[in-house]
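Structure at a glance
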Amino acid sequence: MPPKLSRTLILAPKYSRTEVRERIRIRLDERLKGGLVEEVRQMNANGVSFEKLDWFGLEYRYVGRYLSGACTYEEMHDELLTQIRQFAKRQDIWFRKIEREGHLIHWIEGGDFSVAAALVSEFLKQ
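Presented here is an overview of the structure given in this document. Every chain is numbered independently, its residues counted from 1 as its sequence is written. Given that this is a predicted model, residues contribute local features only at a pLDDT of at least 70 and side-chain atom pairs are listed and counted only at 80 or more, while totals for whole chains, interfaces and linings are drawn from all residues. The side-chain numbers reported here are obtained from all heavy atoms of the structure, hydrogens and water having been left aside.

With respect to the nonpolar core
What counts, and what does not: The set of buried Ala, Val, Leu, Ile, Met, Phe, Trp, Tyr and Cys residues whose side-chain atoms join them within 4.5 Å is what this entry labels a nonpolar core. Accessible area is worked out with a 1.4 Å probe on protein chains only. A residue is then buried under 20% of its type maximum, exposed over 50%, and partly exposed in between. Secondary structure elements follow DSSP: runs of H or I of four or more residues count as helices, runs of E of two or more count as strands, with numbering from the N terminus. We call two residues in contact when some of their heavy atoms are within 4.5 Å.
Ranked by size, the top nonpolar core spans 18 residues in total, and within it Leu 32, Val 63 and Met 76 carry the most contacts. Among the elements of the structure, helix 1 (17-33), helix 2 (36-45), helix 4 (58-67) and helix 5 (73-100) are those that each provide at least two residues to this core. With five residues, the top contributor of residues to this core is helix 5. Apart from the residues within four sequence positions on either side, Met 76 is in contact with Leu 32, Tyr 62, Val 63, Tyr 66 and Cys 71. Core analysis: the second largest hydrophobic core is formed by five residues, Ile 10, Phe 95, Ile 98 and Ile 105 among them.

As structure tokens, then:
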């Protein structure tokens, strides 16, 4: 039996594995085209060391490695894409683990905001 939690509502988006992989690739490409490299370059110019960037998350860590000359742009992109996909897989494993422990998870097909909003609204009425 799962530990007793105070009132909780657990929502999780549900996509096919193929769609998750593609959405991650698209998001990464958009972030890079949207100025992520320039953002990290400016952070470093303002005193944030490349070592400290490791603590800011995967994107900052790998862009910092690229900017410090530790890898090429293509290597940075490909390794970062792999790392983000692995992180997403670990998140999915975590959700499934707590579900096996007996916690109710409302899987939201396609991350449908209206379905999530309706569940939240109903939850708050209780």
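What about the side chain of Glu 59?
Rule in force here: In the analysis that follows, any N or O atom pair within 3.5 Å is treated as a polar contact, provided that within protein one partner can donate a hydrogen and the other can accept it, and provided that, for residues neighboring in sequence, both atoms belong to side chains.
Here Glu 59 shows up in helix 4. Judged by its relative accessible area of 11%, Glu 59 falls in the buried class. A polar contact is formed between the side chain of Glu 59 and the side chain of Arg 27, at a distance of 2.7 Å. Beyond its immediate chain neighbours, meaning those up to four positions away, Glu 59 contacts Arg 27, Arg 31, Leu 36, Leu 80 and Ile 84.

None of this, on its own, says anything about what the molecule does.
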